[in-house]
Amino acid sequence: LNAAAVVPAAGRGERLGPGAPKALRELGGVPILVHAVRALARSRAVGLVVVAAPPDGVAEVAALLADHGLPGKDVRVVAGGPTRQDSVRLGLAAVPEDVPVVLVHDAARPLVPVEVVDAVVAAVRAGAEAVVPAVPLADTVKRVEPHSDGTPEPVLDTPERSSLRAVQTPQGFRREVLAAVHQRAVTEESAGALPPVTDDAGLVERFGGHVVVVPGHEEAFKVTRPLDLVLAEAVLARRRA
Ligand code: C5P
């Protein structure tokens, strides 16, 4: 066993609209979370998957994953926390100390191709401490002064698009690096010194580590809004055809 994957799946998914927690919504008749766990398990490098479930849904999620059996893989379910970062930290605590490579993969990215998973693991094995899959942006991006009252937001500047990447998961880490940055984040947060960080590699950057990018894939998109469900169903139908 040389790589483990932690899957934060404790989010409500409110941007998707009302209903069950996002990870339990179905895609092609199978829960999004099951797709995500299967996508990781397809990689020969991944021997263990730890799912961080909603705290009140641990038994339900464990039963669901058992129903959809993943032969040859160790799948464990732990209680997640109030933020994604908490869920990752709690999941990581369930990964044995001797596993050298840890992936963190959003349950909300059910269709990530195995080639992306393998490329991330390979880059960590080749010596990187933190690896993110990423894709170029289709849209031009502008930085604005955010207004919460609906009035037009002034544009501050336009970063050059060719140097921007949209970052996906699984993100891969040397285990001790991921554990150290999450530990440090807890300490700095309690001191009120940590601005919001939206991905695990962001913590590595914040604390002075090196992060590298490997090619991501358009099918590794995050199911966030209702339209993403339509797209995900279409991708799945195309794969099954
Ligand atoms: O909300 P967002 O789409 O950024 O969530 C990304 C991933 O983090 C999802 O898989 C979600 O289930 C997970 N998450 C979590 N615990 C939370 C919030 C989000 O595991 N408290």
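In every chain, residue numbers begin from 1 and rise along the written sequence. Confidence filtering applies because this is a predicted model: local features only for residues at pLDDT of at least 70, side-chain atom pairs given and counted only at 80 or more, and all residues used for totals across whole chains, interfaces and linings.

Sorry, what's going on with the overall build of the protein chain here?
Within the protein chain, the secondary structure is distributed over seven helices and 12 strands. We compute the radius of gyration from the C-alpha atoms alone; for a globule the expected value is 2.2 Å times N to the 0.38, where N is the number of residues. Against the 2.2 N^0.38 benchmark of 18 Å for 241 residues, the protein chain shows a C-alpha radius of gyration of 18 Å, consistent with a compact globule. Its C-alpha atoms give the protein chain principal-axis dimensions of about 55 × 40 × 35 Å. The exposure label follows from counting other C-beta atoms within 10 Å of a residue's C-beta, where the C-beta atoms are placed from the backbone and the thresholds are 20 or more for buried and 12 or fewer for exposed, leaving partly exposed in between. Taken across its 241 residues, the protein chain has 39% of its residues classed as buried. We call two residues in contact whenever the C-beta atoms placed from their backbones are within 7 Å. The contacts in the protein chain between residues at least 6 apart in sequence include a share of 74% that link residues at least 24 apart. Here a strand is any run of E in DSSP of at least two residues, a helix any run of H or I of at least four, and the numbering for each starts at the N terminus.

Where do I start with the pairing of strand β7 (residues 130–136) in this structure?
A regular strand carries its side chains on alternate faces of the sheet. For two strands to pair, DSSP has to find at least two bridges joining them. Both β7 and strand β11 (residues 171–174) contribute to a ladder of two bridges, which runs antiparallel. Following the sheet pairing, Ala-130 is matched in β11 by Phe-173. For β7 and strand β12 (residues 212–215), the ladder comprises four bridges, and the chain directions are parallel. Note on β12: the bridge partner recorded for Val-132 is Val-213.

Can you walk me through the UniProt feature "site: Positions MEP for the nucleophilic attack" (unreviewed entry) in the protein chain in this structure?
UniProt positions are given in the numbering used here, feature names are shortened, and annotations may be inferred rather than shown by experiment. Feature annotation in UniProt places "site: Positions MEP for the nucleophilic attack" (unreviewed entry) on Arg-161 and Lys-222, given in this structure's numbering. By the secondary structure assignment, Arg-161 is in the loop between β9 (155–157) and β10 (165–167). Those residues in contact with Arg-161, other than ones at most four positions away along the chain, are Leu-137, Thr-140 and Val-141. As for its position among the elements, Lys-222 is in the loop between β12 and α7 (226–240). Residue class for Lys-222 comes out partly exposed when judged on the 17 C-beta atoms lying within 10 Å of it.

Looking at this structure, I do not really get the site of the ligand. What am I missing?
Should the C-beta atom of a residue, placed from the backbone, lie within 6 Å of a molecule or strand, that residue is near it. If you check the shell around the ligand, you find 18 residues, and the closest are Pro-8, Ala-10, Gly-11, Ser-87 and Ala-107. Here the residues of the shell around the ligand are counted per class, giving eight nonpolar, six polar and four charged. Three categories are distinguished: nonpolar for Ala, Val, Leu, Ile, Met, Phe, Trp, Tyr, Cys and Pro, charged for Asp, Glu, Lys and Arg, and polar for the others, with Gly belonging to the last.

Looking at this structure, I do not really get the nonpolar core. What am I missing?
One recurring pattern in soluble globular proteins: nonpolar side chains tend to sit buried together. Joining buried Ala, Val, Leu, Ile, Met, Phe, Trp, Tyr and Cys residues through C-beta atoms within 7 Å gives a set, and that set is a nonpolar core. With 63 residues, the main nonpolar core has Val-7, Leu-33 and Val-51 as its most contacted residues. When residues in this core are grouped by element, the largest group, eight residues, is from helix α1 (residues 32–41). Dropping the residues within four chain positions of it, Leu-33 is found in contact with Ala-9, Ala-23, Leu-24, Val-51, Val-61 and Ala-107.

Looking at this model, I keep getting lost on the UniProt feature "site: Transition state stabilizer" (unreviewed entry) in the protein chain. Mind explaining?
Mapped onto this numbering, the UniProt entry annotates "site: Transition state stabilizer" (unreviewed entry) at Arg-15 and Lys-22. Note on placement: Arg-15 falls in the loop between β1 (3–8) and β2 (26–27). Using a count of 12 C-beta atoms within 10 Å as the deciding quantity, one classes Arg-15 as exposed. Leaving out residues up to four positions away in the same chain, Arg-15 has contacts with Thr-224 and Arg-225. Structurally, Lys-22 is set in the loop between β1 and β2. Apart from residues lying up to four places away in sequence, Lys-22 is in contact with Gly-11, Arg-12, Gly-13, Leu-16, Ile-32 and Ala-108.

Looking at this structure, I do not really get α7. What am I missing?
Because an α-helix packs 3.6 residues into every turn, residues spaced three or four apart end up facing the same way. The span one expects for a helix is its residue count, reduced by one, times 1.5 Å. The first and last C-alpha atoms of α7 sit 22 Å apart over 15 residues, in line with the 21 Å expected at 1.5 Å per residue. Across the 15 residues that make up α7, only a small minority, one, are buried.

I'm lost on the packing of helix α3 (residues 84–92) against helix α5 (residues 175–190) in this one. Help?
Describing two packed helices takes the angle between their axes plus the distance from one axis to the other. It is the contact of α3 with α5, at a shortest axis distance of 10 Å, that shows an interaxial angle of 130°. Considering their axes alone, α3 and α5 lie oblique with respect to each other. You can see that α3 and α5 cross each other, and the crossing is left-handed. Contacts from Gln-85, Val-88, Arg-89 and Leu-92 of α3 reach α5 at Leu-178, Ala-179, His-182 and Ala-185. The convention used is that axes are lines fitted to C-alpha atoms, helices contributing only their stretch in contact, and that angles between N-to-C directions extend from 0 to 180 degrees. Just so you know how the angles are binned, under 35 degrees is roughly parallel, over 145 roughly antiparallel, 65 to 115 roughly perpendicular, and the rest oblique. Here a crossing is called left-handed whenever its near helix is offset anticlockwise from the far helix by less than a right angle, and right-handed whenever the offset is clockwise.

Would you mind showing me how to read unusual backbone geometry here?
Leave glycine aside and you will find that most residues have negative phi; peptide bonds, for their part, are mostly trans. A cis amide bond links Thr-169 with the next residue in sequence, Pro-170, at an omega value of 5°. Within the fold, Pro-170 resides in the loop between β10 and β11.

Just to check I follow, could you spell out the environment of Ala-94 for this structure?
With respect to the element layout, Ala-94 can be found in the loop between α3 and β6 (101–104). Separated by 43 residues in sequence, Ala-94 and Val-51 place their C-alpha atoms 9.6 Å apart. Ignoring sequence-local partners within four residues, the contact set of Ala-94 consists of Val-50, Arg-76 and Val-78.

What exactly am I supposed to notice about the environment of Leu-103 here?
Inspection of the secondary structure puts Leu-103 in strand β6. Spatially, the C-alpha atom of Leu-103 lies 9.6 Å from that of Leu-92, the residues being 11 residues apart in sequence. Sequence-distant contacts of Leu-103, defined by excluding residues within four places in its chain, comprise Ala-3, Ala-5, Leu-40, Val-120, Val-121, Pro-170, Gln-171 and Gly-172.

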